[in-house]
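Observations on the three-dimensional arrangement
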Amino acid sequence: MRPVLCCLWLYLLGVPAVARAASYEVEPEDTGEAALFALREDGAITAETLAALLVLRRSGVDPAHASRAALYALPGLTYARVDGLLEGTGSAGVVPSGLAPLAREERTSAAAEVRPESLAFESRTASEANERRRSPLVSGGRAGLTAEERRKLAPFLMMAPSDRVSGDARLLTAFAVSDPVLPPLALQVRVAGPEGWRVGLLTSMTRRRLGTVHRDASQRRLVAEAPGVSVVMPKFHGQWMGERASVLVGAYRLGFAQRLTLDTTGLPTPDGFLPDDAVRVPGDVERWCFLGEGACTPEERAVDVTPDFHWEEGFRGVVGTVRGAVGTDAELSATGFGSYQSRSLLSHALMDRASCEGSRCKAPAVWLAGEKTPMGRVVSRSLPGVFREWAGGGHATLSWTPRAQVGATAWGALPVWSVEGASLDFRSTAGYPAGGAFGAVGVDGAWGHGPVDLFVEAARTFDAAPGGGGGFGVLQRTVVAGAAQELEVSLRAYGRGFANPYTGAMSGPDELEGSRARNEVGARVRYLHRLEGALRLRGEVDAWTLPSDGAVVGSAGTVNLRASARVDWRVHALFQPSLWGEYRDKDVGVAGDCFDGSAEAPCSGSLLRMTARVKAELHDALTVAAQYAHARVDDPVNAGVRVDAQAVVEAQVRPCEAVRLRGRAVWKDEDLSTRHRLEQSFRATLDASWAAGDAVTTRARYAWRIDLKDARGARTPPDAPRHLFALEVETRF
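A quick note: this is a predicted structure, and the numbers were derived from the prediction, not measured.

Further remarks concern the overall build of the protein. Of regular secondary structure, the protein possesses nine helices and 32 strands. Per-residue burial over the protein gives 50% buried out of 733 residues. Taking the contacts inside the protein whose residues are at least 6 apart along the sequence as the reference set, 63% of them involve residues at least 24 apart. Accessible surface, the protein: about 31,500 Å² in total, of which carbon and sulfur atoms supply 61%.

Structural data, given as structure tokens:
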């Protein structure tokens, strides 16, 4: 068997092929938001990949003006491919023209997605597109994106601004049949105009959002105002972009280098700041009553309701970048930012310094107040605006070529609690260092020659937490990219005191005091190989250990392991099989009967999952797929082992260019040996999209979910069947 494997390996290394980026587990065939969430549900992509793709869809990448890091973040582009694109346009890859017009069938494919999250600001009309000159990056040829690359990347690409005002607006809503109140609403508007300016906003109608939190001096407790129907505008921005400078006022994301010192973008290779107007559509229902025992009647506790739209509270303020030449062969880029943001916090992540001491303080009770509302303790709800954060910092990079540069980053933040009369602070699970101000400084560098690229970043955090003070972290990546393969080897080491709430560095899923990239020394290897139009292989191994005790004494030296592999065969349209597997082991070498990928408590165990999928393109307008996953999980019940299973059937139909239908049915059982514990459900969804020309697109979704648990012997009764709806109307001008 070993000689056969060696021969196969040598064959793959020698066969000419086209490589693709190793950053993402798959190259999504359908890049609609619903399809991306389905990939996450199936275990085909990680939560980090999902977040990055959603950000890319909303922000977009202009290939004519994007940096090397921004282009590499696109799915399907390796460093070798990116360098080929940049070499065709000069050392920096900057060209004066915009994105070449997509063919009609490419525009239709991109615009007809179930839930497009980024269709850029610009109009897609043919008359406007024909007025633009073709860019070498997108017009084909030796250095341009091929027609197939343009088709696959269309949802992530952004056209250069035109000489007239253009934009888009999206109105979204979601509701369930069981809703006792009005459904939530969200409106996103983006406008772009000449001279490089853009504006955007996000507004939402909420019904479940708690009001202001204050301290009741007479009763000596925290009180939150009862929720009610209100309209909020959590995000807005105005941006101007020039040849050598850019500035944004409002909500934004930013990140640099290897994401160690500062990154809130979620992208694998961030390079500066992005406007932020992202919002998350509710995907399920929640219980109507969020108060403790005795505050609601049994009937009220049984009622379900659609939650409000969710958004992340990033930075909000001013950020800008300037660039200029240094001598004849270098360029200096400097970015500075300032932020003043009202932030929410879960009620159980608070502690009151006046009532206890140390980091093990219990969360203070937060009570609900308001007319015609029951009096009770709020349980596991976000408290809006409970503290305000002042933050600021900057980053500077000196570049000789797109592959040779050095940089430095520094930032600091100061939380100011908005509840007067209370001595509040963060509990250990909040993810923020307690005690006051915190921040980080770091240096980074990159160098590349031939097929090899080296990246490194080192950082030091600072905080005022009792017994803390900060710690060190370092991350190094080596990427070897060729015409047929890409190999990435990453090394990381984070001290126990490396508490950085705004790092996006790679790490294991386990946490320490709400932070993942902390108290960890590890290595990760990724490999990708692809035969164009025939075969795609991807493998990854990630191992890490705890250099110091975590939340539990004696946990130092614990070794954890994650490994995955996937193969996709694409030779025949009628038979396209895929097979992937995943193995995770918490506390390698120690036999255990439980598995938990993130909890701080000691838990030894493993998970092994295998998934098989078959896709068939029966016609240009009809595609079907079937998938089955089988998993073995260490569990304290059933002699320490349980078996999970999941089956999926999908179909996509396009009866005409303007209409697209997508159906999906999922059966899930988290313990095949019983019917009264964990999740056992069936869910069917139908997505429909209709494009009225290039101006208006309407998308609708219906989901039907059934709880298959047996009421006999179940700790909690099975949920009633749920009927969920979502509607979106998008207009482009």
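With that out of the way, let us pick up the sheet that holds strand β4 (residues 213-216). Taken in spatial order, the three strands of this open sheet run β4-β5-β14, and their pairing is mixed. Only two strands of the sheet have a single partner each, and these edge strands are β4 and β14 (366-369). Each strand axis lies, on average, 40 degrees off the axis of its neighbour in the sheet, ignoring direction. Pairing of β4 with strand β5 (residues 221-225) involves four bridges; the strand directions are antiparallel. Paired with His214 across the strands is Val223, a residue of β5.

Listed in full, the buried residues belonging to helix α2 (residues 33-41) are Glu33, Ala34, Ala35, Leu36 and Ala38. Structurally, α2 contributes buried residues whose contacts are with α3 (47-59), β29 (659-669), β30 (680-692) and β31 (696-707). Gly43 sits one or two residues past α2 and shows a positive phi near 80 degrees.

Turning our eyes to something else, we now look at the pattern of salt bridges. Inspection of the entire model under this criterion finds 59 salt bridges. When the shortest N-O distance is used, the salt bridge between Arg244 and Glu331 registers 2.6 Å. Placement of the pair is Arg244 in the loop between β6 (230-241) and β7 (245-255) and Glu331 in strand β12 (residues 330-346), with a sequence separation of 87 residues. On the basis of relative accessibility, which here comes to 29%, the residue Glu331 falls in the partly exposed class. For Arg477, the salt bridge goes to Glu488, with nearest N and O atoms at 3.3 Å. Separated by eleven residues along the polypeptide, Arg477 in strand β20 (residues 472-481) and Glu488 in strand β21 (residues 485-494) bring together distant segments of the chain. Residue class for Glu488 comes out buried when judged on its relative accessible area of 2%. Ionic contacts of the salt-bridge type, sharing partners, join the residues Glu41, Asp42, Arg613, Glu650, Arg662 and Arg664 into one network.

Counting buried residues in strand β1 (residues 166-176) gives nine out of eleven residues, a clear majority hidden from the surface. With eight bridges joining them, β1 and strand β2 (residues 185-192) adopt antiparallel strand pairing. Across the sheet, Arg170 pairs through a bridge with Gln188, a residue of β2. As defined by bridge partners, β1 adjoins strand β32 (residues 722-732) across nine bridges and the pair is classed as antiparallel. Following the sheet pairing, Ala174 is matched in β32 by Ala726.

A few words on the state of the cysteines. Evaluated as defined, the whole model comprises one disulfide. Paired by a disulfide, Cys289 and Cys296 hold their sulfur atoms 2.0 Å apart. On the sign convention where negative means left-handed, the S-S torsion of about 80 degrees between Cys289 and Cys296 marks this disulfide as right-handed. Residue Cys289 is classed as buried on the basis of its relative accessible area, which comes to 11%. Residue class for Cys296 comes out buried when judged on its relative accessible area of 13%.

Further remarks concern the confidence of the model for the protein. Put simply, the protein has an average pLDDT of 84, and 86% of its residues get 70 or more. Across residues 89-143, confidence stays below pLDDT 50; counting only partners more than four residues off in sequence or on other chains, it has 163 contacts.

The angle between the axes and the distance between the axes are what describe a pair of packed helices. Look at α2 against α3: their axes get within 10 Å of each other, and the N-to-C directions meet at 170 degrees. Here α2 lies roughly antiparallel to α3, going by the angle between them. Along its contact with α2, which presents Glu33, Leu36, Phe37 and Arg40, the element α3 presents Ala47, Leu50, Leu53, Leu54 and Arg57. Of the residues that constitute the contact of α2 with α3, the class distribution is six nonpolar, no polar and three charged.

Another aspect to go through is unusual backbone geometry. A positive phi angle, near 55 degrees, is found at Glu513, a position not held by glycine. Residue placement: Glu513 occurs in the loop between β21 and β22 (520-531). Among the residues examined, Glu513 registers a relative accessible area of 29% and is labelled partly exposed. Look at Leu678: it is not a glycine, yet its phi comes out positive at around 55 degrees. Along the chain, the position of Leu678 falls in the loop between β29 and β30.

Let's shift gears to the pairing of β20. The alternating pattern of β20 places Gly473, Leu475, Arg477, Val479 and Ala481 on a buried face, while none of Phe472, Val474, Gln476, Thr478 and Val480, on the opposite face, is buried. As defined by bridge partners, strand β19 (residues 452-463) adjoins β20 across nine bridges and the pair is classed as antiparallel. Following the sheet pairing, Arg460 is matched in β20 by Phe472. Bridge count for β20 against β21 is nine bridges, and the pairing is antiparallel. Bridge pairing in β21 places Thr478 opposite Val489.

Rules used in this analysis
- Residues numbered from 1 in each chain as written.
- Predicted model: local features only at pLDDT ≥ 70, side-chain atom pairs only at ≥ 80, totals over all residues.
- Heavy atoms only, no water.
- Helix = DSSP H or I, 4+ residues; strand = E, 2+ residues; numbered from the N terminus.
- Buried < 20%, exposed > 50% of the residue type's maximum accessible area, 1.4 Å probe, protein only.
- Contact = heavy atoms within 4.5 Å.
- Areas by Shrake-Rupley, 256 points an atom, 1.4 Å probe, with all protein chains shown as cover.
- Pairing = 2+ DSSP bridges.
- Axes fitted to C-alpha atoms, helices over the stretch in contact; angles between N-to-C directions.
- Salt bridge = Lys/Arg side-chain N within 4 Å of Asp/Glu carboxyl O.
- Disulfide = S-S within 2.5 Å.
- pLDDT = per-residue confidence, 0-100.
- Parallel < 35°, antiparallel > 145°, perpendicular 65-115°, else oblique.
- Nonpolar A, V, L, I, M, F, W, Y, C, P; charged D, E, K, R; others polar.

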